[in-house]
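Listed here are the chains, written in short residue letters.
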Amino acid sequence: MKPAPFRYADPGSVAEALEVLAGEEGAKVLAGGQSLLPLLSMRLAAPAVLVDLNRVPGLDAVEVTEDGVRVGALVRHAELLAHAGAARVQPLLTRATANVAHPAIRNRGTTVGSIAHADPSGEMTAVLALTGGSVTVAEPSGERTVGWRDLFVGPLETSLPAAAVVTAAAFPALPPRSGTAFAEVSRRRGDYAVCGAGVVVTLDGDRRVAAARASYVSVGPVPAVHDLTGAVAGSPVEDADWAAAGALARTLVDPDGDLHASADYRRLLVGVLTERTLASAAAEAAAKAT
Ligand code: FAD
């Protein structure tokens, strides 16, 4: 199918973009177009105006400090995937982005667009949650920071008003003595995950488990962070019972069933992926702690 007719705006600044968004009912931001354009073509969305950000200068930088990684609104998945500084400071970014779609889509789609799209099957919403991240939002009234907990309202729904541009997403750095892992199950490589898991394991100075947290993909309507520390707290890293943490995770999630997988199968995957990723993240943390 072809999209319903729409007008096209090509602003040269965030301020101009906001002017169009505030002045036109049914105006929508266009970033990489990898989610929005299929929705238009299937006529599941019919915005009156597309406000294309692609010529707005200053939105295409990845900024890395020891405190974290700031990803501008026009940074493509592929650029973030290849960014060595981002991988060093917050390895979950690289590990999760490697699972986002196929190279052609990663070349055009943006990390911030993924977050603004708020698809519970997207990897980057889970990573924003797991890292305790936030977005910078420009509105006609000014700029503000919105933490991940206040951002996601439901599937494909955020708390942001229509006249808003997400200019960047911020991902705090990995804490010291920590390791990460990310894994998912999909029908074909590059497809949306049937179920995915990202984890962070943090050790104390005696190489005992101090914290274990997980966030899942395609499990629940909005991203969530699950604290699994109770199952493994204080265990020497080599002896920690990751299967117990996986079993705990299964009790904490409430996945839906759909045509790709039943709720029970997703819950089973949560347990298996949690156990495996925690073991791998712990090995990484242990290697750093020696
Ligand atoms: P767009 O499509 O341009 O926009 C998406 C939505 O976000 C729109 O509502 C738009 O208005 C809004 N938006 C975008 N940017 C902003 C902004 N800066 N401020 C305010 N609102 C904004 N994604 C995954 O995470 N995992 C996958 O496995 C995956 N597989 C895919 C497979 C296929 C075949 C396709 C076509 C897409 C897939 N995607 C997947 C989606 C892809 O990652 C998209 O790039 C991403 O979801 C949206 O980013 P975008 O820049 O393309 O946004």
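Since we're looking at a predicted model, the values are computed, not measured.

1. A look at the overall build of the protein chain
Phase 1 of the analysis: Across its full length, the protein chain carries 11 helices and 14 strands.
Phase 2 of the analysis: In terms of overall dimensions, the protein chain is globule-like: its C-alpha atoms have a radius of gyration of 19 Å, near the 19 Å expected for 290 residues.
Phase 3 of the analysis: In the protein chain, of all internal contacts separated by at least 6 residues, the share reaching a separation of at least 24 is 64%.

2. Some words on the pairing of strand S2 (residues 27-30)
Phase 1 of the analysis: Across four bridges, S2 lies against strand S3 (residues 49-52) in parallel orientation. For Leu30, the partnering residue across the bridge sits in S3 and is Asp52.
Phase 2 of the analysis: In this region the chain leaves S2, passes through helix H2 (residues 36-41) and returns to the parallel neighbour S3; the handedness of that crossover is right-handed.

3. Quick notes on the sheet that holds strand S1 (residues 7-9)
Phase 1 of the analysis: Ordered in space as S1-S3-S2, the three strands form an open sheet in which the pairing is parallel. Of all strands in the sheet, those with a lone pairing partner are S1 and S2, marking the two edges. Taken over all neighbouring pairs, the strand axes of this sheet differ in orientation by 25° on average, direction set aside.

4. A word on the sheet that holds strand S13 (residues 209-217)
Phase 1 of the analysis: Here four strands make up an open sheet; going across it, the order is S11-S12-S13-S14 and the pairing antiparallel. The two strands at the open ends of the sheet, each matched to only one other strand, are strand S11 (178-185) and strand S14 (226-227).
Phase 2 of the analysis: Strands in contact with helix H8 (residues 123-130) are strand S12 (195-203) and S13; relative to S13, the strand with the most contacts, it is inclined by about 155°.

5. Quick word on the site of the ligand
Phase 1 of the analysis: The full set close to the ligand counts 29 residues, and Gly32, Ala101, Gly109, Gly113 and Gly122 are the nearest of them.
Phase 2 of the analysis: Counting only elements with at least two residues in the shell around the ligand, the list comes to S2, H2, helix H7 (111-117), H8 and strand S10 (165-172).
Phase 3 of the analysis: Of the residues forming the shell around the ligand, the biggest block, five residues, is contributed by H7.
Phase 4 of the analysis: Grouping the amino acids of the shell around the ligand by side-chain chemistry returns 16 nonpolar, 10 polar and three charged.

6. Observations concerning the domain arrangement of the protein chain
Phase 1 of the analysis: Split by domain assignment, the protein chain resolves into domain 1 (7-52), domain 2 (62-172) and domain 3 (178-289).
Phase 2 of the analysis: Averaged C-alpha coordinates put domain 1 and domain 2 at centres separated by 19 Å.
Phase 3 of the analysis: Of the residues lining the interface, 11 residues belong to domain 1; the matching set on domain 2 comes to 17 residues.
Phase 4 of the analysis: When residues of the side of domain 1 that touches domain 2 are assigned to their parent elements, the largest contribution, five residues, is made by helix H1 (residues 14-23).

7. Some points on the UniProt feature "domain: FAD-binding PCMH-type" (unreviewed entry) in the protein chain
Phase 1 of the analysis: What UniProt calls "domain: FAD-binding PCMH-type" (unreviewed entry) maps, in this numbering, to residues 1-176.
Phase 2 of the analysis: Here residues 1-176 is 34% helix and 26% strand, with 51 Å between the C-alpha atoms at its ends.

8. Brief notes about the pairing of S13
Phase 1 of the analysis: Here S13 lies mainly inside the structure; seven of its nine residues are buried.
Phase 2 of the analysis: Taken together, the eight bridges between S12 and S13 define a ladder with antiparallel strand orientation. Among the inter-strand pairings, Val200 is bridged to a residue of S13, identified as Arg213.
Phase 3 of the analysis: Where S12 folds back on S13, the antiparallel hairpin that results is connected by five residues, among which Arg207 adopts a positive phi of roughly 65°.
Phase 4 of the analysis: Direction of pairing for S13 relative to S14: antiparallel, over a ladder of two bridges. Each bridged residue has a counterpart across the sheet, and for Ala214 the counterpart in S14 is His226.

9. Examining the packing of helix H10 (residues 242-252) against helix H11 (residues 263-289)
Phase 1 of the analysis: Look at H10 against H11: their axes get within 8 Å of each other, and the N-to-C directions meet at 145°. At the point where H10 passes H11, the crossing takes the right-handed sense. Facing Trp242, Ala243, Ala245, Gly246, Ala247, Ala249 and Arg250 of H10, the residues of H11 in contact are Arg267, Val270, Gly271, Val272, Thr274, Glu275, Leu278 and Ala279.
Phase 2 of the analysis: Tallied by class, the residues present in the contact of H10 with H11 amount to nine nonpolar, three polar and three charged.

Criteria and cut-off values
- Residues numbered from 1 in each chain as written.
- Predicted model: local features only at pLDDT ≥ 70, side-chain atom pairs only at ≥ 80, totals over all residues.
- Helix = DSSP H or I, 4+ residues; strand = E, 2+ residues; numbered from the N terminus.
- Rg over C-alpha atoms; globule rule 2.2 N^0.38 Å.
- Contact = placed C-beta atoms within 7 Å.
- Pairing = 2+ DSSP bridges.
- Right-handed = clockwise from strand over helix to strand, strands pointing away.
- Axes fitted to C-alpha atoms, helices over the stretch in contact; angles between N-to-C directions.
- Near = placed C-beta within 6 Å.
- Nonpolar A, V, L, I, M, F, W, Y, C, P; charged D, E, K, R; others polar.
- Domains from an automatic or database assignment.
- UniProt positions renumbered as here; feature names shortened; annotations may be inferred.
- Buried ≥ 20, exposed ≤ 12 C-beta atoms within 10 Å, placed from the backbone.
- Left-handed = near helix turned anticlockwise from the far one by under 90°.

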